[in-house]
Amino acid sequence: MDSRHQRYFVAVAEELHFGRAAERLRISQPALSKQIRGLEEELGTELLWRTKRSVRLTPAGVAFLRSSRDVLGRMDRAVHEARGIGRGELGSVTLGYMSGASVRLVPRIVRAFRARHPKVEVRLTQFMPPDHAEVIRDGRVDVGLLHLPPAPEDLAVERLAEESFLIALPARHPLAKRSSLSLRDLDGAPLVFFPRYANPQLHDEFTGLFKRVGATPNFVLETLPAYGILAAVAAGIGAAPLTESLRDIRWKGVVYRTLTGPRPSFHWGVAYTRGPRPRTLDLFLDVVRRLYR
């Protein structure tokens, strides 16, 4: 017995007329009668009482109709879901992101994607360096938003957006009265920064720029994520170089000042595993590329 036999039976049971059921199924009436008889023989019981004038369901037929509708409904939903996922119209995308991306990139990208593909679920998870690459590699997320460099060679990486840096200061910091600051102004001042392992190249670039302008960086605390850095600034531990988008976070006890003079460039990127990928991820990447073309 296969789903075709159940569909034939449901049509007859709903029409209670072999001629109308055959027309509905677009097969001949003799062929339909033969299929129903074969089904009854396979089940070993009558499903229909037939006379020359009427067709009625037996008690076994009533039960089989109920079960067949349930089975066919679940099968139809499975087919619809499989086709939808194959076309990228259904399914999910799991997006991993570093904390700094949560301010501007994540909301903008997710809003744009949901507007174009409302039936695809977007799952969000924040990850921490240096584990972010491994999280992408082992499939815990489909795609990641991270800062570049580093860009793991075994992952496909696309550059999205560039940000400038600013300085976050405790509101009562002596330099808070200034509208802008340079790295030279921070010579020897207590600083809160991200750990070197999070982005060795950027960390070293900052250290080199301090020395280039004749200043000595005094990193009194290195921590993650970005919200942890801001909490330390608000607590008065020190000033912090941060990406410009974090200015959108209004944190009591923290003020932001423009960073002038030599400063590193900061790039956001999107990373994913190489090779075959689900259609939903292709659609997600297409939205991202449109936004940051």
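Rules used in this analysis
- Residues numbered from 1 in each chain as written.
- Predicted model: local features only at pLDDT ≥ 70, side-chain atom pairs only at ≥ 80, totals over all residues.
- Heavy atoms only, no water.
- Salt bridge = Lys/Arg side-chain N within 4 Å of Asp/Glu carboxyl O.
- Helix = DSSP H or I, 4+ residues; strand = E, 2+ residues; numbered from the N terminus.
- Buried < 20%, exposed > 50% of the residue type's maximum accessible area, 1.4 Å probe, protein only.
- Axes fitted to C-alpha atoms, helices over the stretch in contact; angles between N-to-C directions.
- Parallel < 35°, antiparallel > 145°, perpendicular 65-115°, else oblique.
- Left-handed = near helix turned anticlockwise from the far one by under 90°.
- Contact = heavy atoms within 4.5 Å.
- Nonpolar A, V, L, I, M, F, W, Y, C, P; charged D, E, K, R; others polar.
- Polar contact = N/O pair within 3.5 Å; in protein donor to acceptor, adjacent residues only side chain to side chain.
- Expected span 1.5 Å × (residues − 1).
- Arc of directions from axis to C-beta.
- Pairing = 2+ DSSP bridges.
- Core = buried A, V, L, I, M, F, W, Y, C linked by side-chain atoms within 4.5 Å.

1. Description of the pattern of salt bridges
Here comes step 1: Considering all chains together, one arrives at 20 salt bridges under this definition.
Here comes step 2: Its salt-bridge partner being glutamate 40, residue arginine 50 comes within 2.9 Å of it at the nearest N-O pair. Highlighted residues: arginine 50 in strand β1 (residues 48-50) and glutamate 40 in helix α3 (residues 29-43), separated in sequence by 10 residues.
Here comes step 3: Linking arginine 184 and aspartate 187 is a salt bridge whose minimum nitrogen-to-oxygen distance equals 3.3 Å.
Here comes step 4: Accessibility expressed as a relative area gives 41% for arginine 184, which makes it partly exposed.
Here comes step 5: Because the salt bridges share partners, they merge into one network encompassing Glu14, Glu15, Arg20, Arg24 and Arg69.

2. A closer look at the packing of helix α1 (residues 3-15) against α3
Axis angle and axis distance: for two packed helices, these are the angle between their axes and the distance between the axes, and together they describe the pair.
Here comes step 1: The contact between α1 and α3 brings their axes to 10 Å, and the two run at 110°. The angle between the axes of α1 and α3 places the two elements in the roughly perpendicular class. For the pair α1 and α3, the crossing hand works out as left-handed. On α3, the residues that touch Arg4, His5, Tyr8, Phe9 and Val12 of α1 are Leu32, Gln35, Ile36 and Leu39.
Here comes step 2: Broken down by class, the residue content of the contact of α1 with α3 amounts to 6 nonpolar, 2 polar and 1 charged.

3. Observations regarding the side chain of glutamine 6
Here comes step 1: Locating glutamine 6 in the fold gives a position in helix α1.
Here comes step 2: Using a relative accessible area of 10% as the deciding quantity, one classes glutamine 6 as buried.
Here comes step 3: A polar side-chain atom of glutamine 6 sits 3.5 Å from a polar atom in the side chain of serine 68.

4. Let's talk about α3
Owing to its 3.6 residues per turn, the α-helix aligns residues three or four sequence positions apart on the same side.
Here comes step 1: For α3, built from 15 residues, the straight-helix expectation of 21 Å at 1.5 Å per residue is met to within 8% by its first-to-last C-alpha distance of 21 Å.
Here comes step 2: Residues of α3 that are buried include every one of Leu32, Ser33, Ile36, Leu39 and Glu40, and no others. Buried residues in α3, looked at end-on, bunch into an arc of 125°, giving them a common side. In α3, those exposed residues whose orientation departs by more than 90 degrees from the buried face are Pro30, Lys34 and Glu41.
Here comes step 3: Residue serine 28 occupies the N-cap position of α3, its side-chain oxygen lying 3.3 Å from the main-chain nitrogen of alanine 31.
Here comes step 4: Within two residues after α3, glycine 44 carries a phi angle of roughly 75°, on the positive side.

5. Quick notes on the sheet that holds strand β5 (residues 143-148)
What links the strands of a sheet is backbone hydrogen bonding, and the strands pair in either a parallel or an antiparallel sense.
Here comes step 1: Spatial ordering of the open sheet is given by β4-β3-β5-β13-β6, a layout of 5 strands whose pairing is mixed. Two strands in the sheet have a free side with no partner beyond their single neighbour: β4 (120-126) and β6 (155-163). Direction aside, the axes of adjacent strands within the sheet are offset by 25° on average.
Here comes step 2: Pairing geometry for strand β3 (residues 91-97) and β5, over 3 bridges, is parallel. Looking at the pairing, leucine 95 lines up with valine 143 of β5.
Here comes step 3: Across the face of the sheet, helix α9 (residues 279-291) comes into contact with β3, β4, β5, β6 and β13 (266-273) while running at roughly 55° to β3.

6. Focus: the nonpolar core
Here comes step 1: With 73 residues, the main nonpolar core has Val143 and Leu145 as its most contacted residues.
Here comes step 2: Look past the residues within four positions of valine 143 in its chain and what remains in contact with it is Val93, Thr94, Leu95, Gly96, Val270, Ala271, Tyr272, Leu281, Phe284 and Leu285.
Here comes step 3: Ala11, Ala21, Ile36 and Phe64 belong to the second-largest nonpolar core, a separate cluster that totals 18 residues.

7. Considerations on the environment of leucine 72
Here comes step 1: Mapped onto the fold, leucine 72 is located in helix α4 (residues 59-87).
Here comes step 2: Judged by its relative accessible area of 8%, leucine 72 falls in the buried class.
Here comes step 3: Leucine 72 sits 208 residues away from threonine 280 along the chain, and the two C-alpha atoms are 27 Å apart.
Here comes step 4: Leucine 72 has contacts with Ser3, Gln6, Arg7 and Val10, leaving out every residue within four places of it along the chain.

8. Comments concerning the sheet that holds strand β8 (residues 180-182)
Here comes step 1: Taking strand neighbours across the sheet as the criterion, the 4 strands line up as β8-β12-β7-β11 in an open arrangement whose pairing is mixed. Looking at strand neighbours, the two that pair on one side only are β8 and β11 (240-243), the edges of this open sheet. With direction set aside, neighbouring strand axes in the sheet form an average angle of 45°.

Treat this as a map of the structure, not an account of what it does.
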